[in-house]
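Residue-level structural notes
Spelled out from the first residue to the last, the chains are:
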Amino acid sequence: MTSLSTLLDLSGKVAIVTGATGQLGRAISTTLAEQGANIVVNSRTKSECEEFASQLSNRYQRSTAAAGDITEVEDVDSVIDRAVEEFGHLDILINNAYAGETPEFEELTLQDFQAGLETGILGPFLFCKSSIPELKKTEGCIVNISSIYGVVAPDHRIYENTFLSSPPHYGAAKASLIQFTRWLATRYAEDNIRANSITPGGIYNEKFEERQGYVDRFVPSYVYRTPLGRMGTPDDLRGAVAYLSSDASRWVTGQNM
């Protein structure tokens, strides 16, 4: 029987993490680095990518920055190329990046809606398409970060009198991402490429504490609706990421956690 520590070990593996410099992206990247993986740090801001890649390299294995827009084909291809040029191969793709405007529905423009879909589902599509040839070589895996709003509708009352909202393009993109994950899983099972998704609920964000209604209205309303009586933290994702990115889940594909 293979030891659990061996199954979870990612030594020598190479992982691309999109949106790596954000709150969840940093937790995901750090998790994989702790397991032994080299990280290709992707976000739109070059300086942030370089700073975070340097931090990972100093503390764990060598990592590299690969800034780029996930909705631009040339940028996506360059990130994949950087991974292979720097480390020789690619084993893990984490589609985590998302950006979108959140106006009220009546003020939502076609451009707003399209932009949310572009980062939410078009970006992961481009990264998966570009990385599949490399993942075939390593029998690698894909982990897509979706959202609870890709599964259930939001209770809009928890957003009243706060700066937050849950726009329709967000849920639409995240639901699409879950189904796209299932498609990838069945299509590339013959190549031993696994594809799974993670759908976290609300993650507490300290940066929002001074924003309108966050601490006094949104958080209590959200917590009231959760069985464990609290919002999530970035640490709460780390176990799922470690599991789905490693051989601990080598017989798991097409699942939404």
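In short, a report on the structure. If you're wondering where the values come from, they're calculated on a predicted model, not measured in any experiment.

Taken as a whole, the second largest pocket holds about 510 Å³ of empty space. As for the second largest pocket, its lining consists of 24 residues, of which G201, G202, Y222, T226 and R230 are closest to the centre. Looking at the lining of the second largest pocket, the element that brings in the most residues is helix α8 (residues 235-244), giving 3 residues.

So, on to the pairing of strand β2 (residues 38-42). Counting buried residues in β2 gives 5 out of 5 residues, a clear majority hidden from the surface. Pairing between strand β1 (residues 14-18) and β2: 5 bridges, direction parallel. Across the sheet, I16 pairs through a bridge with V40, a residue of β2. Tracing the backbone out of β1, into helix α2 (residues 23-34) and back to the parallel element β2 gives a crossover that is right-handed. Pairing between β2 and strand β3 (residues 64-65): 2 bridges, direction parallel. Opposite V41, over in β3, you have A65 as the bridge partner. Chirality of the crossover, the property in question, places the unit of β2, helix α3 (residues 46-59) and β3 among those that are right-handed.

The subject of this paragraph is the sheet that holds β1. Spatially, β3-β2-β1-β4-β5-β6 is the arrangement adopted by the 6 strands of the open sheet, whose pairing is parallel. Of all strands in the sheet, those with a lone pairing partner are β3 and β6 (194-198), marking the two edges. α8 contacts β5 (141-145) and β6 of the sheet and is inclined by roughly 175° relative to β6.

Turning to the packing of α2 against α8, a few remarks are in order. For the pair α2 and α8, interaxial distance at closest approach is 9 Å and the crossing angle is 50°. In this view, α2 runs oblique relative to α8, as classed from their interaxial angle. Once α2 is placed against α8, the crossing between them reads as right-handed. For the pair formed by α2 and α8, the contact residues are L24, A27, I28, T30, T31, L32 and E34 on the first element and L237, R238, V241 and A242 on the second.

Our next topic: the packing of aromatic side chains. Aromatic ring pairs: the centre-centre distance and the angle between the two ring planes describe each pair. Under the definition given, this model contains 10 aromatic pairs. Both rings, one in F163 and one in F208, keep their centres 5.1 Å apart while their planes meet at 75°; by these two values the pair is edge-to-face. Taken together, the residues span a long stretch of sequence, with F163 in the loop between β5 and α6 (168-187) and F208 in the loop between β6 and α7 (214-224) at a distance of 45 residues. We classify F163 as partly exposed; its relative accessible area is 23%.

Taking 1.5 Å per residue as the helical rise, α6 with its 20 residues ought to reach 28 Å, and the 29 Å between its terminal C-alpha atoms agrees with that figure. Among all positions in α6, only H169, G171, A173, K174, L177, I178, F180, T181, L184 and A185 are buried. Contact partners of the buried residues in α6: α5 (110-138), β5 and β6.

The next point concerns the pattern of salt bridges. Within the structure shown, the criterion is met by 9 salt bridges. One salt bridge in this structure joins R62 and E86, with 2.8 Å as the shortest N-O distance. With a gap of 24 residues between them, R62 in the loop between α3 and β3 and E86 in helix α4 (residues 73-87) connect regions that are remote in the sequence. By relative accessible area, which is 44% here, R62 ends up partly exposed. On the accessibility criterion, E86 (30% relative accessible area) is partly exposed. D155 is the partner of R225 in a salt bridge, and the nearest nitrogen-oxygen pair spans 3.0 Å. In this pair, R225 sits in the loop between α7 and α8 while D155 sits in the loop between β5 and α6, placing the two residues 70 residues apart along the sequence. Exposure remark for R225: the relative accessible area of 42% places this residue in the partly exposed category.

There is a patch of like negative charges on the surface, built from E72, E74, D77, D81, E85 and E118. When residues in the negative patch are grouped by element, the largest group, 4 residues, is from α4. The residue E72 is located in the loop between β3 and α4 in this model.

Reading the values: the criteria
- Residues numbered from 1 in each chain as written.
- Predicted model: local features only at pLDDT ≥ 70, side-chain atom pairs only at ≥ 80, totals over all residues.
- Heavy atoms only, no water.
- 1 Å grid on protein atoms, 1.4 Å probe; cavity = no way out; pocket = protein on both sides within 12 Å on 5 of 7 lines; lining within 4 Å.
- Points joined across faces, edges and corners; volume = space filled by probe spheres on them.
- Helix = DSSP H or I, 4+ residues; strand = E, 2+ residues; numbered from the N terminus.
- Buried < 20%, exposed > 50% of the residue type's maximum accessible area, 1.4 Å probe, protein only.
- Pairing = 2+ DSSP bridges.
- Right-handed = clockwise from strand over helix to strand, strands pointing away.
- Contact = heavy atoms within 4.5 Å.
- Axes fitted to C-alpha atoms, helices over the stretch in contact; angles between N-to-C directions.
- Parallel < 35°, antiparallel > 145°, perpendicular 65-115°, else oblique.
- Left-handed = near helix turned anticlockwise from the far one by under 90°.
- Phe/Tyr/Trp six-rings, centres within 6.5 Å; stacked < 30°, edge-to-face > 60°.
- Expected span 1.5 Å × (residues − 1).
- Salt bridge = Lys/Arg side-chain N within 4 Å of Asp/Glu carboxyl O.
- Patch = residues over 30% accessible without salt bridge, like charges linked within 9 Å, V, L, I, M, F, W, Y side chains within 5 Å.
- Areas by Shrake-Rupley, 256 points an atom, 1.4 Å probe, with all protein chains shown as cover.
- Lys, Arg positive; Asp, Glu negative; His and termini not counted.
- Charge placed at Lys NZ, Arg CZ, Asp CG, Glu CD.

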